[in-house]
Amino acid sequence: MSEPKAPTPAPGDTYKGWLFKWTNYIKGYQRRWFVLSNGLLSYYRTQSEMGHTCRGTINLATANIAVEDSCNFVISNGGTQTYHLKASSEVERQRWITALELAKAKAFRMQAESDDSGDDSTSPSASQGAGSRNSEVQSTLRTLGSKVEDLSTCNDLIAKHGSALQRSLSELEGIRLGGETSEKIRQVTERATLFRITSNAMINACRDFLALAQAHSKRWQKALQAEREQRVRLEETLEQLAKQHNHLERAFRGATVLPASQSNPAIDSKGSVPGKGDVSDEDEENEFFDACEDVQEFITVPADPKYHRSGSNVSGISSELGMDDGTTSLDEQSLASNPESPQSQEVVPVRKRRTRIPDKPNYSLNLWSIMKNCIGKELSKIPMPVNFNEPLSMLQRLSEDLEYYELLDRGAKCQSSLEQMCYVAAFTVSSYSTTVHRTGKPFNPLLGETFELDRVQESGYRSLCEQVSHHPPAAAHHAISERGWTLRQEIALASKFRGKYLSIMPLGSIHCVFEKSNNHYTWKKVTTTVHNIIVGKLWIDQSGEIDVVNHKTGDRCHLKFAPYSYFSRDVARKVTGVVTDKDGKAHYVLSGTWDEKMECSRVMESSRGGENGADGRQKTVYQTLKAKELWRKTPLPEGAEDMYYFSTLALTLNEPEEGVAPTDSRRRPDQRLMEQGRWEEANAEKQRLEEKQRTVRRERDREANRSTNPAEEAEEVEIASEPSETTYKTETLHGSHPPAYSSGHQDNYKPMWFERQIDPMTGDPTHIYRGGYWEAKEQGNWDSCPDIF
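Presented here is an overview of the structure given in this document. (Residues numbered from 1 in each chain as written. Predicted model: local features only at pLDDT ≥ 70, side-chain atom pairs only at ≥ 80, totals over all residues. Heavy atoms only, no water.)

Topic: the overall build of the chain
Secondary structure assignment for the chain yields 20 helices and 27 strands. When burial is assessed residue by residue, the chain has 45% of its 789 residues classed as buried. Look at the contacts in the chain between residues 6 or more apart in sequence, and 59% of them connect residues 24 or more apart. Roughly 40,600 Å² of accessible area belongs to the chain as shown, and the carbon and sulfur atoms make up 52% of that amount. (Helix = DSSP H or I, 4+ residues; strand = E, 2+ residues; numbered from the N terminus. Buried < 20%, exposed > 50% of the residue type's maximum accessible area, 1.4 Å probe, protein only. Contact = heavy atoms within 4.5 Å. Areas by Shrake-Rupley, 256 points an atom, 1.4 Å probe, with all protein chains shown as cover.)

Okay, structure coming up:
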């Protein structure tokens, strides 16, 4: 049944989240995405449906809201529509009830009034600041009133003196030549002078009035922006308080729980509705159950260390969880290092980064006329206009993997390698969260192009990317943090266009090394698929499997990205995983979605269940503790839909900076023109750069073909063995083809800042940072950089 689409919510007037909605007696409660906006409650099957399919809408102005039990509530408009809903917790239910009651009151008020009085001034954030703003507004109104009175007084004086001047002029005209002529002329002159002075006074008063109005207009705009920011901060604070309240309730229940012998096994075995949606694995291969909260041995109370000691003594897992004296458990780190907590906001950026870029222009383009001849071809060999791009290069997109660097910071503090593996696995998933709406294609970097991301003062890390190959396109990335971790990767893209969808397969390994423990992790990326290339709305999916391996301890985390299916019962974009040690024993279970959050549950017991389906495989049953949140996506900035859906970090990547290398992506002219909305000029500049790169490549090929004399080749090898800055520049401009990654062929082309080596962990040829970039930046010496732009 077709339902009307929910209206577009105004900024700050919306509330969104997952709820369980009763469907029927066969399916029971099903997880749905609810949006509360402008007095209307709408729901969708998934978040991706918000742009095209609304499953139902109810008007709160005439609706009744009833609370049934701790997590259930009912919304009905008198019989035609009734929603039986269930929240994941009492705290979440209370937040929804509060938001619904406020929205209902506001909707009723707007319906009853004939004017437009029910706007943002009725919101909690605006009303909170009303008292402090009222005195300022009253003072401004009094000042404006006095100026209006001055204008009125000047108007009266002008009228009075104008009349007198007219009379004097009339008398002057009636006088014939006589003795009183000079006196009349003197009176006219005086009155004309008074008129001029009064007119000047009125002009000055008008000027003051205009300047005051303009000044207060800017102040009011700033005040409005401050109100919006204050509202966001209050909402974040309220959410943090709700989480802390929920945590304290759990701690209280754990401290006052009955002994294990008196617990009710019937109640413990049922499980709650939230567990149905959050802890089920793909195709029900694995079933995860929350451990019984009534069993005191399995409850941890981070607020009181004695509960850590008692719990670890009974279960015998203190060393594995890192709960020794002076250390911090995963539970404590999850709470203390939450990105939404006040502690994480202590670091204030030294430099104020930009928060907006020019809005994306609305240019139409016939996609089929360009793509019909490209089926089956390599994406990097297809000449694409900037209309399909976003104003970032692939090097900058690769640097976005560090969006949630805090996960590695927290992992560096872990005492347990298994616990550290959970944070590394969450970091691998978080790198895909920025791609959910990013359907634009990044610019293909030119050979030798670089991009630096220096966030030492703000976040303690800095990274460098360089395009080390063009066919196939490959980029090397190296990041190092002052907080004890190093990340490096080399990614080569293999892509195929199949008419209906586009598949992008990243090749290469990612390495993460922690300095304190010397734990060395490696993993690979999954396949990215862009659907509805020709017809329909573009959408992106991630699918495949990732094995995160700790080469020092043998620990392993197997992550599975479930491909989207309309007929699947699972949550869209679902990711699940299991952390095992070198012996294959499961210790943690990970679950969540790659676009929203990841959670971690400690495994207490595991066993084999009955047969699962016709293939005869057995289900693995894990008994786990309550899930702890490892990572949650940061909301996109306001107006992101008009700015290519860039995150807060992505908005700053192409911001001009002083001192970067001449080969930095920020200096790329076609990308800068596109960001400014000058797409026609950007297309022309893009063609110029591509032709320049082809010319340099042909010249490099000719130079390589001339080197047929073995003596000359030996000389080149000798020069390459002792590189200098001048040698790098010559090789970049006149070297031969980049190496083939499958064959391991070594040629005389060498990147500026990376060198090709055999990876000791994987045995594959890769490019590793050779050093020298940040020293060159400090000295301002970029003479060896090639001219690629």
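The discussion continues.
A short note on the pattern of salt bridges
Under the defined criterion, the tally for this structure stands at 33 salt bridges. Ionic pairing is found between D454 and K777, a salt bridge with its closest N-O pair at 3.8 Å. Of this pair, D454 sits in strand β11 (residues 450-455) while K777 sits in helix α20 (residues 773-779); the two residues are 323 residues apart in sequence, bridging distant segments of the chain. A salt bridge links R666 to D664; the nearest nitrogen and oxygen atoms lie 2.9 Å apart. Of the two residues examined, R666 and D664, each falls in the buried class. Bridged by salt links that share partners, the residues R351, R353, E458, E655, E657, D664 and R666 form one connected network. (Salt bridge = Lys/Arg side-chain N within 4 Å of Asp/Glu carboxyl O.)

Re the packing of aromatic side chains
Applying the stated criterion to the full structure yields 17 aromatic pairs. Arranged with centres 5.3 Å apart and planes meeting at 75°, the rings of W22 and Y29 form a pair that is edge-to-face. Relative accessible area serves as the criterion here: at 29%, W22 is assigned to the partly exposed category. For the pair Y405 and Y461, a centre-to-centre distance of 5.0 Å together with 45° between the ring planes defines the contact as tilted. With Y405 in the loop between α11 (394-399) and α12 (406-412) and Y461 in strand β12 (residues 461-470), this residue pair connects regions lying 56 residues apart in the sequence. Here Y405 matches Y461 in class, with each residue buried. (Phe/Tyr/Trp six-rings, centres within 6.5 Å; stacked < 30°, edge-to-face > 60°.)

Describing the pairing of strand β1 (residues 14-24)
Two elements, β1 and strand β2 (residues 28-37), share 10 bridges in a ladder whose sense is antiparallel. Along β2, the bridge assignment pairs W22 with Y29. If you look at the hairpin formed by β1 and β2, you'll find three residues sitting between the two strands. Inspection of the sheet shows β1 paired to strand β7 (residues 82-86) by two bridges, in the antiparallel sense. Within β7, the position partnered with F20 by the bridge is K86. (Pairing = 2+ DSSP bridges.)

Here we look at a nonpolar patch on the surface
Taken together, the side chains of W539, Y564, Y566 and F567 make up a nonpolar region of the molecular surface, amounting to roughly 460 Å² of accessible area. Looking at the secondary structure, you find W539 in strand β19 (residues 539-550). (Patch = residues over 30% accessible without salt bridge, like charges linked within 9 Å, V, L, I, M, F, W, Y side chains within 5 Å.)

Things to note about the environment of H161
Summarising the element assignment, H161 is placed in helix α3 (residues 130-174). Those residues in contact with H161 that lie beyond four places of it in its chain are L194, F195 and T198.

A few points about empty space enclosed by the protein
Scanning all chains against the criterion turns up six cavities of 30 Å³ or more. Reported here for the second largest cavity is a volume of approximately 60 Å³. What lines the second largest cavity is D401, F427, T428, S431, Y432, L487, Q489, I510, W523, K524, K525 and I546. At the level of secondary structure, the elements contributing two or more residues to the lining of the second largest cavity comprise α13 (417-430) and β14 (485-497). Here the residues of the lining of the second largest cavity sort into six nonpolar, three polar and three charged. (1 Å grid on protein atoms, 1.4 Å probe; cavity = no way out; pocket = protein on both sides within 12 Å on 5 of 7 lines; lining within 4 Å. Points joined across faces, edges and corners; volume = space filled by probe spheres on them. Nonpolar A, V, L, I, M, F, W, Y, C, P; charged D, E, K, R; others polar.)

Considerations on the nonpolar core
Counting residues in hydrophobic clusters, the biggest one holds 64 residues, and the most contacted among them are W485, L487, W523, L559, F561 and L590. When neighbours within four sequence positions are excluded, L590 is seen to be in contact with C422, A425, C557, L559, V575, T576, G577, V579, M598, E599, C600 and L630. Residues L36, Y43, I97 and A103 belong to the second largest nonpolar core, which totals 19 residues. (Core = buried A, V, L, I, M, F, W, Y, C linked by side-chain atoms within 4.5 Å.)

Remarks on the side chain of R32
Within the secondary structure, R32 sits in strand β2. Although R32 lies buried, it forms no salt bridge, and the closest oppositely charged side chain, E49, sits 7.1 Å away as judged by the N-O distance. Setting aside residues up to four positions removed in sequence, R32 forms contacts with G17, W18, L19, K21, T23, Y43, Y44 and R45. (Lys, Arg positive; Asp, Glu negative; His and termini not counted.)

Side note on α13
Helix length check: α13 (14 residues) gives 20 Å between terminal C-alpha atoms against 20 Å at 1.5 Å per residue, within 8%. N-capping of α13 is provided by S416, with a side-chain oxygen placed 3.3 Å from the backbone N of L418. (Expected span 1.5 Å × (residues − 1). Polar contact = N/O pair within 3.5 Å; in protein donor to acceptor, adjacent residues only side chain to side chain.)

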